[in-house]
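Overview (structure and organization)
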Amino acid sequence: LNTHRLLHGTTTHGEQVIDSLAEQRIPRAYYGPNGSLGFPLTTLPVEQRSRRLAVIGLGTGALNLYSREGEHIDFYEIDPTIKDIASNPDYFTYLSLGKGTHSFFIGDGRLKMQDASPGEYDLIVVDAFGSDSIPVHLLTAEALDIFISRLKADGALIVHISNRYLDLEPPLGRYASERGYTALARSHRPDQAEQSRGQFRCDGVVIAR
């Protein structure tokens, strides 16, 4: 199968099969349904209502495939070039294949999220990290407080922490403990069959009240 892949530095930020519509509908790389991002998006929470989601870090737009009919995703992306790439069907079609609707907010995710209303989102995904570049301002207690405050009472914050250099699980767990929240870490190691379908190792943390 032929694929398009989005690379920045040494980091792959997503990929998609380009010569099969059926395969285009399967999120690859870090975003498979059993991964540490896809799994909570299919299991958490509020199954009885249409969700409103926020994703900090657009990449190829693969997480849009998890939007259900009647749902909406706000994508927060600091680099307008990434929006242009993800929105171009000659490169990637994830943004056109989701069942819900979506909007873009261009700028720093932490600053832009301050403009959202308290309790606006059911799920917030922080996916702005690279293997060799960690924007640590998105993981300060102050930033996490902002993200949590924008969640509904039963909402959850999902943080993608896969990277080469830093173990981000302990500080996120400590933050949750200090605030009286619950945190769950998940590390997914794809089996051979998943690897053949383009699935990557993925580490994530979910924080909820």
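To start, this report covers the structure provided alongside it. (Residues numbered from 1 in each chain as written. Predicted model: local features only at pLDDT ≥ 70, side-chain atom pairs only at ≥ 80, totals over all residues. Heavy atoms only, no water.)

A few words on the side chain of Gln16. As for its placement among the helices and strands, Gln16 is situated in strand β2 (residues 11–17). Judged by its relative accessible area of 1%, Gln16 falls in the buried class. For Gln16, the side chain forms a polar contact with the main-chain oxygen of Gln24, separated by 3.1 Å. Non-local contacts of Gln16, meaning those with residues more than four positions away in its chain, are made with Asn2, Thr3, His4, Gln24, Arg28, Tyr91, Phe92, Thr93, Tyr94 and Leu97. (Helix = DSSP H or I, 4+ residues; strand = E, 2+ residues; numbered from the N terminus. Buried < 20%, exposed > 50% of the residue type's maximum accessible area, 1.4 Å probe, protein only. Polar contact = N/O pair within 3.5 Å; in protein donor to acceptor, adjacent residues only side chain to side chain. Contact = heavy atoms within 4.5 Å.)

For Ala29, which is not a glycine, the phi torsion comes out positive at approximately 65°. Positionally, Ala29 belongs in the loop between α1 (21–24) and α2 (38–43). Exposure remark for Ala29: the relative accessible area of 1% places this residue in the buried category.

Now for the nonpolar core. Ranked by size, the top nonpolar core spans 27 residues in total, and within it Tyr31, Leu37, Leu41, Leu63, Val125 and Ile158 carry the most contacts. Of all the secondary structure elements, the ones that give two or more residues to this core are β3 (52–56), β4 (72–77), α3 (80–87), α4 (94–97), β6 (121–126), β7 (151–160) and β9 (202–208). Per element, the largest residue contribution to this core is three residues, and it comes from α4. In this structure, Leu41 is in contact with Arg51, Leu53, Leu63, Tyr66, Leu123, Val125 and Ile158, ignoring residues within four places of it in sequence. Residues Tyr121, Leu144, Ile146 and Ala176 belong to the second largest nonpolar core, which totals 26 residues. (Core = buried A, V, L, I, M, F, W, Y, C linked by side-chain atoms within 4.5 Å.)

Turning our attention to the pairing of β3. Each regular strand carries side chains that alternate between the two faces of the sheet. Within β3, four of the five residues are buried, which leaves it mostly tucked inside the rest of the structure. Pairing of β3 with β6 involves four bridges; the strand directions are parallel. When the sheet's bridge partners are listed, Ala54 is paired in β6 with Ile124. (Pairing = 2+ DSSP bridges.)

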